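Letter by letter, the chains look like this.
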Amino acid sequence: IGVPEKDRDRVFTRYARGSNVSGIVGTGIGLYLVKMVIDLHQGRVAVESREGKGSRFTVRLPSALPRQEATRAAAQSPASAQSPNAVESQAAAE
């Protein structure tokens, strides 16, 4: 359905819902939780949207942890400290 332009600046805000979703069940916490998890992993999430057409959410995660965190992670689990490429995922929401 797309996110109206006037609602895009708060799409990742807790309990925020688009002005065009009347009659659609939801709580307004889904994208907030996505943003919180991506931020914890030092990544980025962005939205491209056209009202009446749909939305595309792009998630980008770093390919490696910062040196200090990588050293700590390696001490706990060597496999978790290595990541060859940036992980990029796109999901289209319509």
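Quick caveat, the model's predicted, so the values are computed rather than measured.

## Re the confidence of the model for the protein chain
Next, step 1: Across the protein chain, pLDDT averages 79, with 68% of residues at or above 70.
Next, step 2: Under a pLDDT of 50 for its full length, residues 80-94 has, in the predicted model, 31 contacts with residues more than four places off or in other chains.

## Thoughts on the packing of aromatic side chains
Next, step 1: On inspection of all chains with the given rule, the structure shows one aromatic pair.
Next, step 2: Measuring from centroid to centroid gives 6.4 Å for Phe12 and Phe57, while their planes differ by 80°, and the two rings are edge-to-face. Placement of Phe12 in the segment before helix H1 (30-40) and of Phe57 in strand S2 (residues 54-61) is noted, with a sequence separation of 45 residues between them.
Next, step 3: Judged by relative accessible area, which is 12%, Phe57 ranks as buried.

## Regarding the layout of surface pockets
Next, step 1: When its volume is computed, the largest pocket comes out at roughly 520 Å³.
Next, step 2: If you trace the largest pocket, you find 25 residues lining it, with Val3, Val11, Gly18, Val21 and Leu31 closest to the centre.
Next, step 3: Elements that contribute at least two residues to the lining of the largest pocket include exactly H1 and S2.
Next, step 4: Among the residues forming the lining of the largest pocket, the class breakdown is 12 nonpolar, nine polar and four charged.

What counts, and at which threshold
- Residues numbered from 1 in each chain as written.
- Predicted model: local features only at pLDDT ≥ 70, side-chain atom pairs only at ≥ 80, totals over all residues.
- Heavy atoms only, no water.
- pLDDT = per-residue confidence, 0-100.
- Contact = heavy atoms within 4.5 Å.
- Phe/Tyr/Trp six-rings, centres within 6.5 Å; stacked < 30°, edge-to-face > 60°.
- Helix = DSSP H or I, 4+ residues; strand = E, 2+ residues; numbered from the N terminus.
- Buried < 20%, exposed > 50% of the residue type's maximum accessible area, 1.4 Å probe, protein only.
- 1 Å grid on protein atoms, 1.4 Å probe; cavity = no way out; pocket = protein on both sides within 12 Å on 5 of 7 lines; lining within 4 Å.
- Points joined across faces, edges and corners; volume = space filled by probe spheres on them.
- Nonpolar A, V, L, I, M, F, W, Y, C, P; charged D, E, K, R; others polar.

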